[in-house]
Structure formats: structure tokens, C-alpha cells
Amino acid sequence: MLRLDDVSKTFNPGTPDAKLALDHLTLHVHPGDFVSIIGANGAGKSTLFNAICGSFLPDTGAVYLNGKNITMMPEHKRAKRIGRLFQDPMRGSAPDMSIEENLYLAAGLGGWLSRITSADKRAFRDRLALLGMGLEDRMKAPVGLLSGGQRQALTLLMATYQTPQVLLLDEHTAALDPGTAEKVLNLTRSIVEDNHLTCLMITHNMQSALELGNRTLMMDRGRVIYDVSGEERSSLTIRDLTDKFRQASGRALDNDRMLLGVDEKQ
Amino acid sequence: MSFDKILTLGQTALELGLVNALTVLALFLSYSMLNVCDLSTDGCFTLGAAVGTLVALSGHPWLSLPAAMCAGMISGLVTAVLQTRMGVQSLLAGIVVNTGLYSVNMALTGSKAQLNMNKTPTVFTLAKDALSGTALSGQFKLVVLLIAVALVILFLSFFLRTRLGLAIRATGSNADMVRSSSINPAFTTTVGLCIANAFTGLSGCLMAQQQKSFDINMGSGMVTVALASLLIGGVFLGRRSIPLRAIGTVLGAFIFRVVYALALRLNMPAFMLKAVSSIIVVLAISTPYLKSQLPLLRRRWSASRERGAV
């Protein structure tokens, strides 16, 4: 499905700021996997997503999607197969354009000179209704008027409108208030399950890292230091994860948000 | 001022406003939609005028219009390639092309800074002949210009609702989103700038034929004049549908010309045109910012007054 082979990336090479963001990382994601990814700040989680999306050319290694080497493929061409959500709800949609115009571009229907038809509008309305946010009655409203949660839900719909081969979620609920975050997370779960999507999700919430999906990766200094699935994963607790981190990296987990997550749940 | 004079003044303002409106519509596409401030506009306007004049002088007045548009399109293509494929900053790309176009325009006219079309058939003289004897015969200039502006507005209203047009609008609003919709923002920027500059070229071509002369400096300051008109139009019809906003830009161009004509009547020297347009652009762009600073200034002022009282 998705395979990264020995991928490395150093930012600012040859300067005092040089940072090894990905360190000969190899990863194989199977079809239908829902992988949660945790790790301290600067561990290389977002860089991993950038490598998959093609934001930069890796220094070494290759990225394969469905057996096809996509290492050299430009970002916008990969986007047809890869959907991505960012932490910032503003990043996924064009604020000056209406909901239906945003959806039309994301849906990629028709040729360059085609226009939104009433059939398109009906389809958008049906899909929007699934979000349960009343957006189906505001299709002409500029997206800039929506709340963060509504915009992130819309982005989720846009990213999955044409079923992607891989969906990348980069802490996509972290900027939302707890209630909205829960709602968007449930939407994510149902969309992923209904479409049998292969999905990678970065999260700072260890609880949802263990609850959601079927596999969990722990990253540190550009490497995967712990990769767990199946029975071993189902018996894991948050305490086990922090212990694993200390064992594998030789230091305590130093991320405030993750530690707070631990406190809340115990 | 007699009624007749007001009418003539209004008609001149309308004619000049309509010629400028084509450049304003070009900026409506590049500045308002694509969010690119295209500083090659001045040179491109002159380029359209030069090409249009040369083709008209060679005896093909109708051909001068598509020729000027093609020339503008090529200029837009160069600006777009510089900024999307060669890493030149957007503003700098426009300035560089603008500078280069001066030489291109001089080369085209054979080092002549002025060309005269007094006895040359232009689209306007052709329209005059065609309309002679009808009720519109006195208004042949307005007829030609109105048709040109209407066609451009119709085109934009249609085009900006197609998938390509939406992608161009989205590029100005959020380029990340365009990329994740599997569309290359470099491509949409290129198409947008090519179309916008075609209109700028057409605008220059019609301006030259309307005044029956070409001048190498006729485009200078055009980008500021057009921006001023665009921003004035935005005050009236800024937050409406695309066709209304496009009509608003024409209205802006007209209002700008009326204000300018009135200022001339009040003995403002003609060379003040550019200062006026600069001030309008600065005011229109900075007003929202200054407004947002107002509460801070008020607080500071009252705080300093309280300190003074104690």
C-alpha cells in the first residue's frame, strides 16, 4: 500500500541549524490500516507526512504508493491519491469562496470549463448533510464565515470526496474545542470506516492514539522507535506508552500536551 | 457650468473611464481574484497600444484588437513564468517585465516615441462610418467601448464560474487548497495573468486608437490609476456577486475620471493625475488598517489626558 524505504531528510544541511528530521525511516502501511502516530515535538511526525505528500524531495530513499514510486511526483499530482488535514482548520479551504465552490474544486468533476450543475449541488447537499452541522443549507455562504469546527469538517469532506488511497490527519482536532474535536473525530472515524480508507493520524492525545485505529507508531528523532498492533496494542495503557518511550529513547517524554493527557486520564 | 458643458464633461469621463475600465477589469482578475499585484501593467498597456497602432497603420484596424490582446497575453506569460517557474518574487517579476517592455515597445515602433494615426482608419473611424445616419452616429466612440467592456464583463462572469475560473479564485484565496485539489497553482496563476494582460493590451490598443496617436509613455502610472479605480469600485459593489463586482470596477473607473475632470475644472494642473491616483490607492488600502488602530489611539489619548489631569 504505502511504503517508505530508507527515507532521510536533513533541513539546513551544512549549517549550525542542520536538523536531521527523518533518519533512514522505513515504514510499510497495509491497505485498510488506521495508524496513529505519537511522539514529542520535533520527532519528525509532520515531516513524515510532508515526505508522503511531496512537500520536499527526500535526501535518500523512496516513497511508494500502491507499488508505484511517487518520490519524484509533484505535490499537486499526488494530492489525487492522498488526502491531508492540518491542525489549522483555515488551511484546507478557500475563505473567499462559497461552500459549494470549495466542494466543486475538491470533487474534481468535469473539465476546466465545466460549471457546477444542479446534480452536483444535490450531491454536495447529501454529503454535507452527513456532517450533521447544517452546512447543507448554507452552500452559498463564504467558507470564511464558518467556525473552526465546521471548516475542519468541511475540509474532511473535501479531502475524502474523491476516495483517496491514503488519508493523512495531522493533529486535525488539536485546534478545536473539546466538544467540537470529539464531533470531528467521530466524523473522521465514520468516514474512514465507511470508505475503508487507509489512514495515518498524528495525535498528541495518547488515549485516542490507543483507542482509534489498529496500529500505533511512536516516533523520536526522525525514526520509528516503537511500532505496535494486534494483541499487544489492545492491552496497552498510557503508562506503558510513556515507559516504552523512556526505554526506547533513553529519556523521559518531554511533551507538555502529552503529559497533560496522561494526568487527565489517570 | 452650463448643462451642455456638464454633458460633454460626462461623456469624456465616460469614454476615458471605459477605456481604463478594461485595464481595471484586468486588475480585477489579477489583483482581486488571483491576489497578484501585476506591476507589468504599465508596460503591457503601452505594448498593446504599440502593437495595435502598428497593425492599424498597416491597414488592418479590426486585426489590431486581437493582435494587441495576443501581445498582452505573451507579456503576461513571461511575468507568470518568471514568478511560478523561475523563483522571481511576484512584484519583482512585474517590475522586471515592465522595464524590459520599454525596450520591446521602442523596438516595435522603430525607435519612435510617438506614432500618429490622424489619417489612419481605426476601429473608431470604422464604427463612425458604419453608424453614420443612425441615431448613434454621434456616439460611435461610446458604442465601440461599451461593446468591448460588456464583452469582457460577460466573459469574466462566465469564466470565473467555471472550474478553471474557480481554481484561479482559489489560488488567490488559499494556494494550499488548490494544490490539495490536484490543481497546480503555477498553472492557474499563468492562465490568470495571461488573460488579465490580454485585457490590458486591449485597453492600450483602444486608448491609442481613440486619441489617434501612440506615445511611448502613455502607460506610465496606469497600474496606480487602475488600482485606484478598482478600489473605488470596491467601495460600492465590493461584496456582491462576481458580475456585479465587475460592473463595480467600471463604475469605479468612471467615478475616478469624473472626479479627475472636476478637479481639472477647478484649475488643478493635469500633471496632478498621478498624485491623485496614488493618494486614492494609499487611502483605500490603508483605511481599514488605520480604522483597526483607532481604538488603541483613543485609549492612548485618553490615558495621556488622565495623566495630564493628575
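Residues numbered from 1 in each chain as written. Chains lettered and ligands numbered in written order. Predicted model: local features only at pLDDT ≥ 70, side-chain atom pairs only at ≥ 80, totals over all residues.

Draft legend 1. Structural view of the overall build of chain A. Across its full length, chain A carries 10 helices and 10 strands. Taken over the C-alpha trace, chain A has a radius of gyration of 19 Å; the compact-globule value for 266 residues is 18 Å, and the two agree within 12%. Oriented by its inertia axes, the alpha-carbon framework of chain A measures out at about 60 × 45 × 35 Å. Expressed as a percentage of its 266 residues, the buried residues of chain A come to 41%. The long-range share in chain A, meaning contacts at least 24 apart out of those at least 6 apart in sequence, stands at 70%. (Helix = DSSP H or I, 4+ residues; strand = E, 2+ residues; numbered from the N terminus. Rg over C-alpha atoms; globule rule 2.2 N^0.38 Å. Buried ≥ 20, exposed ≤ 12 C-beta atoms within 10 Å, placed from the backbone. Contact = placed C-beta atoms within 7 Å.)

Draft legend 2. Broad picture of the interface of chain B and chain A. Taken together, the contacts link 18 residues of chain B with 24 residues of chain A. In terms of residues, the side of chain B that touches chain A owes the most to one element, helix H7 (residues 163–173) of chain B, which gives 7 residues. In terms of residue class, the side of chain B that touches chain A is made up of 6 nonpolar, 7 polar and 5 charged. (Nonpolar A, V, L, I, M, F, W, Y, C, P; charged D, E, K, R; others polar.)

Draft legend 3. Here's a closer look at the packing of helix H10 (residues 222–237) of chain B against helix H11 (residues 242–265) of chain B. Residues and elements named next belong to chain B. As a packed pair, H10 and H11 sit with axes 7 Å apart at the nearest point and diverge in direction by 120 degrees. Judged on the interaxial angle alone, H11 and H10 are oblique. Crossing hand, H10 versus H11: right-handed. Here H10 contributes Ala 228, Ser 229, Leu 230, Ile 232, Gly 233, Gly 234, Phe 236 and Leu 237 to the contact with H11, which in turn contributes Leu 244, Arg 245, Ile 247, Gly 248, Thr 249, Leu 251, Gly 252, Ala 253, Ile 255 and Phe 256. The residue makeup of the contact of H10 with H11, split by class, is 11 nonpolar, 6 polar and 1 charged. (Axes fitted to C-alpha atoms, helices over the stretch in contact; angles between N-to-C directions. Parallel < 35°, antiparallel > 145°, perpendicular 65-115°, else oblique. Left-handed = near helix turned anticlockwise from the far one by under 90°.)

Draft legend 4. Structural view of the sheet that holds strand S8 (residues 198–202) of chain A. Residues and elements named next belong to chain A. Strands sit in the order S6-S7-S8-S3-S9-S10 across an open sheet of 6 strands; the sheet is mixed. What marks the edges here is a single partner per strand, and that holds for strand S6 (82–85) and strand S10 (223–229). Taken pair by pair, the neighbouring strands of this sheet meet at an average axis angle of 20 degrees, ignoring direction. Strand direction decides the pairing type here: strand S7 (residues 166–170) and S8, joined by 5 bridges, are parallel. (Pairing = 2+ DSSP bridges.)

Draft legend 5. Looking closely at the pairing of strand S3 (residues 34–39) of chain A. All names here are of chain A. Extensive coverage of S3 is indicated by the burial of 6 of its 6 residues. By the alternation rule, side chains of S3 split into Phe 34, Ser 36 and Ile 38 and Val 35, Ile 37 and Gly 39, which are all buried. In the sheet, S3 pairs with S8 via 4 bridges, with the strands oriented parallel. Note that in S8 the partner of Phe 34 across the bridge is Cys 199. Sheet topology note: the S3/strand S9 (residues 215–220) ladder contains 5 bridges and is parallel. Its bridge partner lying in S9, Gly 39 is registered against Met 219.

Draft legend 6. Fine view of helix H9 (residues 238–249) of chain A. Residues and elements named next belong to chain A. Between its first and last C-alpha atoms H9 spans 16 Å; for 12 residues at 1.5 Å apiece the expected length is 16 Å, and the two agree. Every buried residue of H9 is accounted for by Leu 241, Phe 245 and Ser 249. Each buried residue of H9 sits inside an arc of 40 degrees when the element is viewed along its axis, so together they form one side. Residues Arg 239, Asp 243, Arg 246 and Gln 247 are exposed on H9 and point more than 90 degrees away from its buried face. Looking one or two residues past H9, Gly 250 carries a phi angle of roughly 80 degrees, positive in sign. (Expected span 1.5 Å × (residues − 1). Arc of directions from axis to C-beta.)

Draft legend 7. Representation of the pairing of S8(A) within the structure. Residues and elements named next belong to chain A. Counting buried positions along S8 yields 5 of 5 residues, so the element is predominantly enclosed. Burial along S8 is two-sided: the residues Thr 198, Leu 200 and Ile 202 and Cys 199 and Met 201 are all buried. For the segment spanning S7, helix H6 (residues 178–194) and S8, crossover handedness is right-handed. (Right-handed = clockwise from strand over helix to strand, strands pointing away.)

Function cannot be read off these values alone, since they describe shape.
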